[in-house]
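Observations on chain architecture
What follows is each chain in one-letter form.
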Amino acid sequence: MASLNRVELIGNLGRDPEIRYTPGGTAVASFSLATSEKVKNKSGEWETRTEWHNIVLYARLAEVAGEYLSKGKSVYLDGKLKTRKWQDRDGKDRYTTEIIGDKLLMLGSKNGSIPDGSDDQPSNSQAHEDIPHDDTDPF
C-alpha cells in the first residue's frame, strides 16, 4: 500500500526563527507560520480564519532561515508532518505535531529566492535544494 506524507504551505512567519544546535552540531530552526483563508460566517459576512503551524528546519536550510527570515515574511514551505511525544514536568505524555520543512522559498523578494550571500543577486539554488535532516529529537 502506497502512502504520502507531504505538506505545502504559503504563509507568513509569526515569529523570528529560533536557532538551536543538536549535540552533533546540526542547526535546527523553529518558528510558527500562519496561513489564512476568507470564509463566510453564519450571518453571511466574510471573515478571515488563521491556522498556525509549527515549523522545524534542519541543517543548511535552518541556517539560511535564521539568517534571512523574520517575523511577517511570506514564504512557501514544502515538507512533511511529524508528531513527537514528550513528557511535561508532571510526567504526563504530551504530543506535538510539527511540519519538518524540506524546501523553502521566500516570497516577495527579487526572483522569489533566498540570497546565498555571495553577491547582491539572489541565488535560486538554496531555495529549491533538498536538505537532508536528522530525525532525532534536537531538544
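Starting afresh in each chain, residues are numbered from 1 along the sequence in its written order. Reporting of local features is limited, given that this is a predicted model, to residues whose pLDDT is at least 70; pairs of side-chain atoms are given and counted only at 80 or more, and all residues count toward the totals for whole chains, interfaces and linings. As a convention, hydrogens and water are excluded, and side-chain values are obtained from all of the structure's heavy atoms.

The line we're drawing: UniProt positions are given in the numbering used here, feature names are shortened, and annotations may be inferred rather than shown by experiment.
Looking at an unreviewed UniProt entry, the chain carries the name Single-stranded DNA-binding protein, with the source organism given as Geobacter sulfurreducens. The UniProt entry for the chain carries this comment under Subunit (unreviewed entry): "Homotetramer."

Comments concerning the pattern of salt bridges
Short version of the rule: Definition used for salt bridges: Asp or Glu carboxyl oxygen within 4 Å of a side-chain nitrogen of Lys or Arg. In this scheme, a residue with accessible area under 20% of its type's maximum is buried, one over 50% is exposed, and one in between is partly exposed, where area comes from a 1.4 Å probe on protein chains only. Segments assigned H or I by DSSP are reported as helices when at least four residues long, segments assigned E as strands when at least two residues long, and all are numbered from the N terminus.
Enumeration over the complete set of coordinates arrives at eight salt bridges. Across the pair Arg6 and Glu8 runs a salt bridge whose closest N-O atoms are separated by 3.2 Å. The exposure class of Glu8 is partly exposed, given its relative accessible area of 48%. A salt bridge links Glu63 to Arg60, with the shortest nitrogen-to-oxygen separation between them at 3.4 Å. A residue pair is termed a helical-turn pair when its members lie 3 or 4 positions apart in one helix, as Glu63 and Arg60 do in helix α1 (residues 59-68) at three residues. By relative accessible area, Arg60 is classed as partly exposed at 32%. Through salt bridges with shared partners, one network takes in Arg6, Glu8 and Asp78.

A short note on α1
Note the following rule: Taking the helix axis as origin, the arc is that swept by the directions to the C-beta atoms.
Every buried residue of α1 is listed here: Leu61, Ala62, Val64, Ala65 and Tyr68. The buried residues of α1 all sit within an arc of 165° when viewed along its axis, so they share a single face.

Things to note about the side chain of His53
Here is the rule: Under this definition, polar contacts are N or O atom pairs within 3.5 Å; protein pairs additionally need one hydrogen-donor-capable and one acceptor-capable atom, and for neighbouring residues in sequence, both atoms have to be side-chain atoms. Only heavy atoms enter the contact rule, under which two residues are in contact if any of them lie within 4.5 Å.
Structurally, the position occupied by His53 is in strand β4 (residues 46-58). Residue His53 is classed as buried on the basis of its relative accessible area of 15%. A distance of 2.8 Å separates polar atoms of two side chains, one belonging to His53 and the other to Thr35. When neighbours within four sequence positions are excluded, His53 is seen to be in contact with Leu9, Phe31, Ser32, Leu33, Thr35 and Ile99.

Comments concerning the side chain of Asp88
Relative to the helices and strands, Asp88 is located in the loop between β5 (74-87) and β6 (93-106). Note on Asp88: relative accessible area 18%, which makes it buried. Of the polar contacts made by the side chain of Asp88, one reaches the backbone nitrogen of Asp90; its length is 3.0 Å. At a separation of 2.8 Å, a polar atom in the side chain of Asp88 contacts the main-chain amide nitrogen of Lys92.

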